[in-house]
Amino acid sequence: MAKASRAAAVWKTYREVSTPGSPGILTRIRAIPRLIGGVLRGDYQGMGKSRLAMMALGVAYIVSPVDLVPDFLVLIGVADDFGVFLWLAASMLGESGRYVEWERKRITGQVER
């Protein structure tokens, strides 16, 4: 079940990135540092600091040598890291796309209602 939900999240992100008129993947990746800064400063209200903290924990889990499931259990140990990576990538790409759209509206002076 978890694999299916991860695959669905990746598919949703792919569709979102490949939609005409939406920010491309490189634009989204370049926007990630600005997104983090905007959330920390409180400028961008579209994402809370708690969600940013969860993403930071995901990064820490991936790079940490300590795992819930040891990596020497080859298929299972690597799969949990990969699952966290997929969640993190899908979340960051989706959120950075929304951030780029928010920036565009802000620059052009459009008011949200």
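Predicted model, so just to flag it, every value in this text is computed and none were measured. (Residues numbered from 1 in each chain as written. Predicted model: local features only at pLDDT ≥ 70, side-chain atom pairs only at ≥ 80, totals over all residues. Heavy atoms only, no water.)

> What am I meant to see in the layout of surface pockets here?
Over the atoms rolls a probe the size of a water molecule, and its path tells where empty space is left. The volume enclosed by the largest pocket comes to roughly 150 Å³. Listed by contribution, the elements that provide at least two residues to the lining of the largest pocket are α1 (2-18) and α4 (74-108). By residue number, the principal contributor to the lining of the largest pocket is α4, which donates five residues. (1 Å grid on protein atoms, 1.4 Å probe; cavity = no way out; pocket = protein on both sides within 12 Å on 5 of 7 lines; lining within 4 Å. Points joined across faces, edges and corners; volume = space filled by probe spheres on them. Helix = DSSP H or I, 4+ residues; strand = E, 2+ residues; numbered from the N terminus.)

> Even after reading the chapter, I still don't get the confidence of the model for the protein chain, so can you show me in this structure?
A low pLDDT means the predicted coordinates there should not be read in detail. Mean pLDDT for the protein chain: 83, with 86% of residues reaching 70 or above. Predicted confidence in the protein chain is weakest over α1, with a mean pLDDT of 71, and strongest over helix α2 (residues 25-41), with 94. (pLDDT = per-residue confidence, 0-100.)

> What is the right way to read a nonpolar patch on the surface from this model?
A grouping of Ile25, Leu26 and Ile29 is seen on the molecular surface, where their side chains present a nonpolar patch of about 280 Å² in accessible area. You can see Ile25 is positioned in helix α2. (Patch = residues over 30% accessible without salt bridge, like charges linked within 9 Å, V, L, I, M, F, W, Y side chains within 5 Å. Areas by Shrake-Rupley, 256 points an atom, 1.4 Å probe, with all protein chains shown as cover. Salt bridge = Lys/Arg side-chain N within 4 Å of Asp/Glu carboxyl O.)

> In this structure, what is going on with α2? I would like to understand it.
At 3.6 residues per turn, the α-helix brings residues three or four places apart onto the same side. In a regular helix each residue adds 1.5 Å, so 17 residues correspond to 24 Å; α2 covers 24 Å between its end C-alpha atoms and thus fits that length. Along α2, the largest kink reaches about 40° and is centred on Ile32; proline Pro33 follows within four residues of it. Within the sequence span of α2, burial applies to Arg28, Ala31, Ile32, Leu35, Gly37, Gly38 and Val39. Gly42 lies just past α2 and shows a positive phi near 90°. (Expected span 1.5 Å × (residues − 1). Bend = angle between axes of the 7 residues up to and from the residue. Buried < 20%, exposed > 50% of the residue type's maximum accessible area, 1.4 Å probe, protein only.)

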